[in-house]
Amino acid sequence: RHKFWETQPVGQFKDLHDANLPEGPIEPPTPISEVKQEPYNLPNLYEWVTCDMSSEDTCAEVYNLLSNNYVEDDENMFRFNYSKEFLRWALHPPGYYKTWHIGVRVKSSKKLVAFITGIPARMRVRSEIVSMAEVNFLCVHKKLRSKRLAPVMIKEVTRRVHLENIWQAAYTAGVVLPTPITSCQYWHRSLNPKKLIDVGFSRLGPRMTMSRTLKLYKLPDSPVTPGFRKMELRDVPAVTRLLRAYLLQFVVAPDLDELDVEHWILPKEDVVDSFVVESPESHEITDLCSFYTLPSSILGHPTHSILKAAYSYYNVATKTPLVQLMNDALIAAKQKDFDVFNALDVMHNETFLKELKYGPGDGKLHYYLYNYRIKNILRPWELGLVLL
Ligand code: MYA
Ligand code: JJ1
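Residues numbered from 1 in each chain as written. Chains lettered and ligands numbered in written order. Predicted model: local features only at pLDDT ≥ 70, side-chain atom pairs only at ≥ 80, totals over all residues. Heavy atoms only, no water.

Q: Go over the overall build of the protein chain, please, and point to the residues and values.
A: For the protein chain, the helix and strand inventory stands at nine helices and 17 strands. Its C-alpha radius of gyration of 21 Å places the protein chain within 12% of the 21 Å reference for a compact globule of 388 residues. Across its three principal axes, the protein chain shows a C-alpha extent of roughly 60 × 50 × 45 Å. Contacts spanning at least 24 positions in sequence make up 75% of the contacts within the protein chain whose residues lie at least 6 apart. Accessible surface, the protein chain as shown: approximately 18300 Å² in total, 52% of it carbon and sulfur. (Helix = DSSP H or I, 4+ residues; strand = E, 2+ residues; numbered from the N terminus. Rg over C-alpha atoms; globule rule 2.2 N^0.38 Å. Contact = heavy atoms within 4.5 Å. Areas by Shrake-Rupley, 256 points an atom, 1.4 Å probe, with all protein chains shown as cover.)

Below, the structure is given as structure tokens:
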């Protein structure tokens, strides 16, 4: 059934019930000198390129490929539209490798037709810290689909990761592959219900009028928690302590240091928003909430072309009730003109989703590890990881 994935060191469906298989790496590392030194073969018309995302031109080509060919919902009404600034941020974390930003071009025209990326990350799995690649932005141009290009791209990124002496990876997909460590549900909180209904993202509920719907989703004009403010550079040490302590309770979570937090959490305009609660009395940082900006193109709508979506990222509440903190996140997102706030049911998110009037979406997100077996599939709230 999975001609490619059956050959890879990933959990296989047939092994799911086998309690004897040990947790941890599926195959051992090999000496780097034994890693294949040349790229995998592509069909003759195509060539590998390393994409320099600091180059405005290359970044624009990647942006154009993804904005026309990347992930869509099941009814092809919306397509992720990651911005150039977002892609640069997502691909330039501390210690990134340029060689892990891999493109495929048509030899003759140099047109970019496929892409896949890795970035380095330290992941904690139970008590083990494992060096991994996070693999994302796998995309094959619509006209080149179903030609088995994706397996070659996955093997090539694997080879380049191995050359850096890294043997594990984490990735997510909307499709079921062998085999998820957990499967999560998307939830959506309407901020601009009229537009969401107009574009077919949501529907008027049964026995609901537009004016009752507007009232249902109405929010205060500004956050209500005293001391709630935008995160600043000086907050990095305190936010790192808060987040590290919080993430320890999950079975799988990133191991973030101050440099990582500065990169991933510090606000970056139109890319990532983060807020802290600074105690008005002690000036301690007690809480954190954050979301990233990922618009979707609205396909074939006469008047609206972009859906502005915020995605819940890392949130930690030690003093403010999580429901109140996340309501302030909704208010902040509404102030910034987002149409919808999306969240997965990971970490403690289940505890605020219903209360804050999120509804379940029609999309799922499956999380995977490469070359690392987890003995029992996790429940979503045991996962402390959000990939972009
Ligand atoms: S998830 C986002 C993926 N991108 C999209 O959904 C964008 C729109 N779709 C496309 O561009 C294409 O449909 C893609 C497949 C490129 C997805 N992850 O070439 P094919 C398997 C993994 O004929 P195409 C993200 O970015 C499929 O089961 N495998 O198919 C994370 C089949 O294998 P098998 C996938 O449709 C990516 C084979 O590919 C996915 O033309 C993580 C068919 O190939 C998928 N999302 O192209 C990648 N979709 O026969 C893995 C299909 O066995 C990283 N397939 O069923 C692994 C870790 C690597 C590093 C390891 C380091 C140590
Ligand atoms: O956004 C998604 N679904 C929306 C739109 C559905 C349009 C028709 N298919 C949705 N809307 C309902 C919202 C409603 C608001 C009021 C309360 C009740 C709910 O459900 C879905 C997620 O639900 N998104 C996708 O399908 C996009 C792909 C998701 C897989 C992503 C793979 C990512 C790759 C990782 O690197």
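Q: With reference to specific residues and values, describe the site of ligand 2.
A: Neighbouring ligand 2 are 23 residues; Asp-73, Asp-74, Glu-75, His-188 and Asp-362 lie closest to it. Thr-172 is positioned such that a nitrogen or oxygen atom in its side chain is 3.4 Å from an oxygen atom of ligand 2. In this structure, His-188 approaches ligand 2 through a side-chain N or O atom, which is 2.7 Å from an oxygen atom. Computed on the free molecule, ligand 2 has an accessible area of 870 Å², of which 85% lies beneath the protein chains in the complex. (Near = heavy atom within 4 Å. Polar contact = N/O pair within 3.5 Å; in protein donor to acceptor, adjacent residues only side chain to side chain.)

Q: Account for helix α2 (residues 84–91), with residues named and values stated.
A: The buried fraction of α2 is high, at six of eight residues. All of the buried residues along α2 are Phe-86, Leu-87, Arg-88, Trp-89, Ala-90 and Leu-91. (Buried < 20%, exposed > 50% of the residue type's maximum accessible area, 1.4 Å probe, protein only.)

Q: Summarise the site of ligand 1; cite the residues concerned and give the values.
A: Every one of the 32 residues lining ligand 1 counts as a neighbour, but His-2, Trp-5, Leu-138, Ser-146 and Ala-150 are closest to it. His-2 is positioned with one of its side-chain polar atoms (N or O) 2.6 Å from an oxygen atom of ligand 1. Between ligand 1 and the protein, one listed contact pairs a nitrogen atom with a backbone N or O atom of Leu-138 at 2.7 Å. Compared with its free state, where it exposes 1200 Å², ligand 1 has 88% of that area covered by protein. Here the shell around ligand 1 takes seven residues from helix α3 (residues 149–162), the largest share from any one element.

Q: Run through the pairing of strand β14 (residues 309–312), naming residues and quoting values.
A: Covered by surrounding structure in β14 are Ala-309 and Tyr-311 together with Ala-310 and Ser-312, the residues of both alternating faces. Examined bridge by bridge, β14 and strand β16 (residues 340–344) share three bridges and lie parallel to one another. Counterpart to Tyr-311 in the pairing with β16 is Asn-342. (Pairing = 2+ DSSP bridges.)

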